[in-house]
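# Reading the structure
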Amino acid sequence: MNHSHLIAKNLVTNENTSIHEALVMITDNQRGAVAVVDDDFIYRGMVSDGEIRRALVHGATQFAPILKIVNINARTLRTHERGKAEALFATYPEVTLIPIIGKKNVLEDIIIRDSSRRKDQED
């Protein structure tokens, strides 16, 4: 499976990426979060800018691997549940990205809340 579109949009990063590098990606994608995967693109969780901020306040260094602060309980959908994304966005207004997880927990895609607008354009 080709995941280059997710990588190009800075929506996904490797679990060994530093906190600093993940924050740069989140700043670039303007969605407030990034999905975290291992070397085989197995989904590990999400990291938000808020989780990074809290980790830094509690003494984490910007060079620590992102895996140390990953949220393993983030909202996700399985491939066959893809149609439930809008309802999930409506129920959880803080969610900006929904990872789509396939067989063997491989990250297949990410659905973006209102993908036509970036965060800085919202009213």
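All of these numbers come straight from a predicted model, not from anything done at the bench. Along each chain, residue indices are assigned from 1 in the same order as the chain's sequence is written. In keeping with the predicted nature of the model, local features appear solely for residues at pLDDT of at least 70, side-chain atom pairs appear and are counted solely at 80 or more, and the whole-chain, interface and lining totals rest on all residues. Hydrogens and water molecules were not included; the side-chain quantities draw on all heavy atoms of the structure.

### Brief notes about unusual backbone geometry
One non-glycine residue with positive phi stands out, namely Asn10, at about 55 degrees. Secondary structure elements are defined from DSSP: runs of H or I of at least 4 residues count as helices, runs of E of at least 2 residues count as strands, and each element is numbered from the N terminus. The residue Asn10 is located in the loop between helix 1 (4–8) and strand 1 (12–14) in this model. Of note in the backbone geometry, Lys104 takes a positive phi value of approximately 60 degrees without being a glycine. Following the sequence through the fold, Lys104 ends up in the loop between strand 5 (97–101) and strand 6 (107–112). Residue Lys104 is classed as exposed on the basis of its relative accessible area of 76%. Here the term buried applies to any residue with accessible area under 20% of the maximum for its type, exposed to any over 50%, and partly exposed to those in between, with areas from a 1.4 Å probe on protein chains only.

### Considering the sheet that holds strand 3 (residues 43–48)
Taking strand neighbours across the sheet as the criterion, the 3 strands line up as 1-2-3 in an open arrangement whose pairing is mixed. If you trace the sheet from one side to the other, it starts and ends with strand 1 and strand 3, each paired once. Across this sheet, the average inter-strand angle for adjacent strands is 35 degrees, counted without regard to direction. It only takes one pair of heavy atoms within 4.5 Å for two residues to be counted as in contact. To obtain each axis, a line is fitted to C-alpha atoms, and for helices this fit is confined to the stretch in contact; angles are then taken between N-to-C directions over 0 to 180 degrees. Here helix 2 (residues 19–29) sits on the sheet and contacts strand 1, strand 2 (33–37) and strand 3; the angle it forms with strand 2, its principal contact strand, is near 130 degrees. Strands qualify as paired when DSSP identifies two bridges or more between them.

### Overview of the environment of Arg44
Tracing the chain through its elements places Arg44 in strand 3. Of the residues examined, Arg44 reaches a relative accessible area of 33% and is grouped as partly exposed. C-alpha separation for the pair Arg44 and Asn29, spaced 15 residues apart in sequence, amounts to 19 Å. Leaving out residues up to four positions away in the same chain, Arg44 has contacts with Glu15, Val36, Val37, Asp38, Leu67, Val70 and Ile72.

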